[in-house]
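Observations on the model geometry
Next come the chains, spelled out residue by residue.
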Amino acid sequence: MEILDAHGQSLALFDRAVHEIGPGDWGRGTPCADWSVRDLVNHLVVEQLWVPPLLDGATLDDVGDRFDGDRLGDDPVAAWETSAATAREAWLVPGVPQRTVHVSFGLIPAEEYGWQMSIDFAVHAWDLAMALGKPNPIPADLAARLLEVVRPWVDDWQGIGLFEPPVAVGRSADDATRLVALLGRQPG
């Protein structure tokens, strides 16, 4: 599975989770410490707003604080749909995965940035599913591919606020469970 396929599948996974949020669910807690469902969706909306300028070569200073704060407004689902569609279009521009992007820890290949975003979509889809009392939504093939990608990065990500330390799981755990546990989620 290549990056654009994984990105598209992960984005669709999070999109389905967003569309399962009911009117009374926005204030529910999530497995992400201190984040409600609304906070979590806002986090992903803000991430999507950053995509087009970063893929076009902007630096963090170029973007500044223009995407700070609550970007959901009165229609959180519409805010998600618009930001996700615009970001996906930016990813589908020919040659984008071969570019480099500025992120908080330096200049990285756009492909690596895409994998990071794909992992974030999948894990946060799981977070939303848990908040809403739904089963783990990550399909086996996507989980297996994301595990391949994320395993070498997990040690480097410790202590920088991206994820909690890995959680141990049994030998019989499936790849979706292993993925969320590797990124600090208690699989339940």
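This section reports on the structure supplied with the text. All values derive from a computational prediction rather than experimental measurement.

1. Quick word on the overall build of the protein chain
Helix and strand content of the protein chain: seven helices and two strands. Counting from the amino terminus, helix and strand elements in the protein chain follow one another as α-α-α-α-β-β-α-α-α. Its C-alpha atoms give the protein chain a radius of gyration of 16 Å, within 12% of the compact-globule value 16 Å for 188 residues. Judged by the C-alpha coordinates and their principal axes, the protein chain covers about 45 × 40 × 30 Å.

2. A word on the pairing of strand β2 (residues 106-109)
The side chains of a regular strand alternate between both faces of the sheet. Here strand β1 (residues 100-103) pairs with β2 via four bridges, running antiparallel. When the bridges of β2 are listed, T100 appears paired with P109. Connecting β1 to the next strand, β2, in antiparallel fashion are two residues.

3. As for the packing of aromatic side chains
Applying the stated criterion to the full structure yields five aromatic pairs. Arranged with centres 4.9 Å apart and planes meeting at 70 degrees, the rings of F14 and W80 form a pair that is edge-to-face. A residue pair is termed long-range when its members are at least 10 positions apart, and F14 in helix α1 (residues 3-18) and W80 in helix α4 (residues 76-91) qualify at 66 residues. Of the residues examined, F14 reaches a relative accessible area of 0% and is grouped as buried. Ring geometry for W80 versus F121: centroids 6.2 Å apart, planes at 80 degrees, classification edge-to-face. Taken together, the positions of W80 in helix α4 and F121 in helix α5 (residues 110-131) put the pair 41 residues apart, joining distant regions of the chain. Like F121, W80 is buried.

4. Let's talk about unusual backbone geometry
In this model, D34 sits at a positive phi of 70 degrees, which is unusual for a non-glycine residue. Relative to the elements of secondary structure, D34 occurs in the loop between α1 and α2 (37-55).

5. Considering the pattern of salt bridges
Within the structure shown, the criterion is met by five salt bridges. Among the salt bridges present, the one from R145 reaches E148, with a minimum N-O distance of 2.9 Å. Remark: E148 and R145 occur in helix α6 (residues 140-157); sequence separation between them is three residues, near one turn of the helix. On the accessibility criterion, R145 (22% relative accessible area) is partly exposed.

6. Here we look at the side chain of H7
On the secondary structure map, H7 appears in helix α1. When its relative accessible area of 0% is taken as the criterion, H7 is described as buried. In this view, H7 contacts R88, W91, G114, M117, S118 and F121; residues no more than four positions away in its chain are not counted.

7. What about the nonpolar core?
Side chains of a nonpolar character, in soluble globular proteins, are inclined to be buried together. Counting residues in hydrophobic clusters, the biggest one holds 43 residues, and the most contacted among them are F14, V41, W80, L128, I138 and L179. The set of elements that each furnish at least two residues to this core consists of α1, α2, α4, α5, α6 and α7 (175-182). Leave out the neighbours within four places in its chain, and L179 touches A122, V123, I138, A143, L146, L147 and V150. If you look at the next biggest cluster of nonpolar residues, it comprises 18 residues, including V46, V63, I108 and Y113.

Definitions and limits used
Residues numbered from 1 in each chain as written. Predicted model: local features only at pLDDT ≥ 70, side-chain atom pairs only at ≥ 80, totals over all residues. Heavy atoms only, no water. Helix = DSSP H or I, 4+ residues; strand = E, 2+ residues; numbered from the N terminus. Rg over C-alpha atoms; globule rule 2.2 N^0.38 Å. Pairing = 2+ DSSP bridges. Phe/Tyr/Trp six-rings, centres within 6.5 Å; stacked < 30°, edge-to-face > 60°. Buried < 20%, exposed > 50% of the residue type's maximum accessible area, 1.4 Å probe, protein only. Salt bridge = Lys/Arg side-chain N within 4 Å of Asp/Glu carboxyl O. Contact = heavy atoms within 4.5 Å. Core = buried A, V, L, I, M, F, W, Y, C linked by side-chain atoms within 4.5 Å.

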